[in-house]
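# Close look at the chain arrangement
If you want the building blocks of each chain, they are given just below.
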Amino acid sequence: MLENALKILEKMEENGFQAYIVGGFVRDYILGIESNDIDICTNARPKDVRSIFKDACLPTEEYGSITVILKNIRFEITTFRKEQSYSNYRQPDSIEFIDDLEEDLKRRDFLMNTLCIDKDGKVLDFFHGKKDIDEKIIHTVGDSSQKFSEDALRILRAIRFATVLNFTLSNEIKESIFKTKHLLKEISYQRKREELDRIFTSVNVKMGVHLLLELGLDYELELPNLDKVSNFDDLIGVWAQLNVSDLYPFTGNEKELIENIQKALSCNNLNHRVLYTYGLYVNSIAANIKGISKKDVTYQYNNLSIHSRGDIALNGDEISAILKKEPGPYLKEILKDLEEKILSLELENDKDQIRAYLVNYYL
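Scope of this entry: the structure provided in the associated data block.

Calculation rules
Residues numbered from 1 in each chain as written. Predicted model: local features only at pLDDT ≥ 70, side-chain atom pairs only at ≥ 80, totals over all residues. Heavy atoms only, no water. Helix = DSSP H or I, 4+ residues; strand = E, 2+ residues; numbered from the N terminus. Rg over C-alpha atoms; globule rule 2.2 N^0.38 Å. Buried < 20%, exposed > 50% of the residue type's maximum accessible area, 1.4 Å probe, protein only. Contact = heavy atoms within 4.5 Å. Areas by Shrake-Rupley, 256 points an atom, 1.4 Å probe, with all protein chains shown as cover. Salt bridge = Lys/Arg side-chain N within 4 Å of Asp/Glu carboxyl O. Phe/Tyr/Trp six-rings, centres within 6.5 Å; stacked < 30°, edge-to-face > 60°. Lys NZ or Arg CZ within 6 Å of the ring centre and 35° of its normal. Expected span 1.5 Å × (residues − 1). Polar contact = N/O pair within 3.5 Å; in protein donor to acceptor, adjacent residues only side chain to side chain.

## Details of the overall build of the chain
The number of helices and strands found in the chain is 18 helices and 11 strands. Here the C-alpha radius of gyration of the chain, 29 Å, is well above what a compact globule of 363 residues would show, namely 21 Å. Principal-axis analysis of the C-alpha atoms gives the chain an extent of 90 × 50 × 35 Å. The buried share of the chain, reckoned over its 363 residues, is 48%. In the chain, 61% of the contacts between residues at least 6 apart in sequence involve partners at least 24 apart. When the accessible surface of the chain is totalled, it reaches about 18,100 Å², and 46% of it is carbon and sulfur.

## Examining the pattern of salt bridges
Enumeration according to the criterion identifies 27 salt bridges in this entry. Of the charged contacts in the structure, one is a salt bridge between glutamate 195 and arginine 160, with a shortest N-O distance of 2.8 Å. Within this pair, whereas glutamate 195 is found in helix α9 (residues 189–200), its partner arginine 160 is found in helix α7 (residues 153–165), the two being separated by 35 residues in sequence. Overall, glutamate 195 belongs to the buried group, its relative accessible area being 5%. Taking relative accessible area as the criterion, arginine 160 reaches 10% and is therefore assigned buried.

## Here we look at the packing of aromatic side chains
Inspection of the entire model under this criterion finds eight aromatic pairs. Here the guanidinium or amino end of arginine 160 rests over the ring plane of phenylalanine 161, the centre of that ring lying 4.6 Å away. Here lysine 192 stacks its cationic end above the ring of tyrosine 189, 4.4 Å away from the centre of that ring.

## Some words on helix α18 (residues 351–362)
An ideal rise of 1.5 Å per residue puts 16 Å on 12 residues; α18 measures up with 16 Å between its terminal C-alpha atoms. On the buried face of α18, the contacting elements are α16 (316–323) and α17 (330–343). Where α18 begins, one side-chain oxygen reaches toward the backbone nitrogen of aspartate 352, 3.1 Å away; that side chain belongs to aspartate 350.

Read these as spatial facts, not as claims about activity.
Okay, structure coming up:
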């Protein structure tokens, strides 16, 4: 990725512009962490970038960010800029393109994200971001309260970075979070969930949750059950324990899983009927939350006589033939009866035994 990024920088400089790799990739490069995308900043205007890279995608020219794909790698190229006032606590009301790299870096969130790499692969450090990385601490670029007031999502980003990177938050950041955390209510639940998902799936999740609770963000994020979450092994399982699917956005499938996990939590997850009704995944999560071995749940599930009605040894057409009737709605009740009998071990899932049962009770 770095090799291809440097080629983009070289090409831009050949065309008379400044260009640098900036932000998260540089931070992760120094930390030895693999990165998925690269941000590039430049004094070239969007139209200039498009003239250099003919297949560049321009999402919004006003924002000054262009996407360039090179060898299946996505690069975001953004023009140096100043940002004007923030009125929605998330995005600037307007931007002004500039030609000064250092001035552009001042608008960024944290010192560790101000590091740049030039076309020669040299790391540029205008604000001592490398020092923060070495000391594993997070400071904002400039006044923390102002940064969080401009974009309240930075509060959660600070906690996410501290969690994922195992860094500490500076005292100034913590104090500023206390002052500005009420602004999180201005941020969309979708954006908040994206940051929380990253915290909840981190290997340092307990540290992240401790920070959220320490700073009183459970109230601002409307997560009253956060201090009661006992298991973080599965992301959907975490959200099931938080019980906020009426607030935060989830897909239809996620909502169904959350609802079923919540129901399964009040059941015996080793019971055959419960295992059959909710399936292995849901019962495994519910059991894990309660401290029951997943291995035991899997063993019991694998030993079920059937896992769905489709596993019943006779299908609807065969049952109709035995009863000498045309297929109809009555089959649903019969299949339900067979399902109950087989699960309760009153009837073996065997064609001959099921046939004999049908003859005795339905003919």
